[in-house]
Amino acid sequence: MVSLDQSGQPGVPPAYVHFGRRIVQGNEVTVTMNGQVMLKASFTVDPSTIPPSIDYTLLSGADKGKRQLGIYELNRRTAQYCMATPGDDRPKDFVTSPGDSRTLSVWKR
C-alpha cells in the first residue's frame, strides 16, 4: 500500500501503510493490514466507463452481502481505488472529503 485516505483524512498513519497488502485471486480481493483481514469481497469491473468502475460484494464483516461501488485507475506502477460506503452512490473522482465516507487507496503494482 502506498496510501489510504478515508473521509478526507489519512486512514492509516504513513509509517504503517507498507503493512497493507491487496491479494486478488480470480474475482475475489482480500485486503490485509499487518496480516489482519480488513476486507474480503468479490468484484466485477467495467473498464468501458469513464473512469472505469468496480463493484464489490462484501464477503465478511458487518456489511457482509452488501454492495460497495467504486472507481479505479491502473497505471504502470500503481493502482488506485476510490470506494463509496455500501449503499452510497459511486464516486465520480479520486478524492475524499470530510463526511463523505469514501475510501481512496493507492497500491504499488
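To be clear, the structure that these remarks concern was listed above.
A quick note: this is a predicted structure, and the numbers were derived from the prediction, not measured.

Trainee: What am I meant to see in the overall build of the protein chain here?
Mentor: When helices and strands are tallied, the protein chain shows 0 helices and 9 strands. Moving toward the C terminus, one meets the helices and strands of the protein chain in the order β-β-β-β-β-β-β-β-β. Computed over C-alpha atoms, the radius of gyration of the protein chain comes to 13 Å, within 12% of the 13 Å expected from 2.2 N^0.38 for 109 residues, which places it in the range of a compact globule. With the principal axes as the frame, the protein chain shows a C-alpha extent of 35 × 30 × 25 Å. Across the 109 residues of the protein chain, 35% fall into the buried class. Sequence separation of at least 24 residues holds for 31% of the intrachain contacts in the protein chain that already meet a minimum separation of 6. Working note: accessible area of the protein chain is about 6,700 Å², and carbon and sulfur atoms make up 52% of it. Between the averaged position of the 13 positive side-chain charges in the protein chain and that of its 10 negative side-chain charges there is a distance of 9 Å.

Trainee: So what exactly am I meant to see when it comes to the pairing of strand E9 (residues 103-108) here?
Mentor: Looking along a regular strand, one sees side chains alternate from face to face of the sheet. Two elements, strand E1 (residues 3-6) and E9, share 4 bridges in a ladder whose sense is antiparallel. The residue of E9 that forms the bridge with Gln6 is Thr103.

Trainee: For this particular structure, what's the right way to read the sheet that holds strand E6 (residues 53-58)?
Mentor: Within a sheet, neighbouring strands are paired by backbone hydrogen bonds and run either parallel or antiparallel to one another. The antiparallel open sheet is built from 9 strands, whose spatial order is E2-E1-E9-E8-E7-E6-E5-E4-E3. Two strands lie at the open edges of the sheet, namely strand E2 (9-10) and strand E3 (20-25), each paired on one side alone. Judged from the 6 bridges that link them, strand E8 (residues 78-83) and E9 form a sheet pairing that is antiparallel. Among the inter-strand pairings, Met83 is bridged to a residue of E9, identified as Thr103.

About the thresholds
Each residue is numbered by its place in its chain's sequence as written, counting from 1. Local features are withheld for residues below a pLDDT of 70 in this predicted model, meaning they are given only at 70 or higher, and side-chain atom pairs are given and counted only at 80 or more; totals for whole chains, interfaces and linings count all residues. As a rule here, side-chain values come from all non-hydrogen atoms in the structure, and water together with hydrogens is ignored. Strands here mean DSSP runs of E at least two residues long; helices mean DSSP runs of H or I at least four residues long; both are numbered from the N terminus. With the radius of gyration taken over C-alpha atoms, the globule rule is written as 2.2 Å times the number of residues to the power 0.38. Here's how the labels work: a residue is buried when its accessible area is under 20% of the maximum for its type, exposed when over 50%, partly exposed in between, all with a 1.4 Å probe on protein chains only. The contact rule is simple, with two residues in contact once any of their heavy atoms fall within 4.5 Å. Here the accessible surface of atoms and residues is derived via Shrake-Rupley with a 1.4 Å probe, and residues count as covered only by protein chains that are part of the display. None of His or the chain ends enter the tally, which takes Lys and Arg as positive and Asp and Glu as negative. For charged residues, the charge sits on one atom: NZ in Lys, CZ in Arg, CG in Asp, CD in Glu. In this scheme, strands are said to pair when DSSP sees at least two bridges between them.

Any functional reading would require information that these geometric values do not contain.
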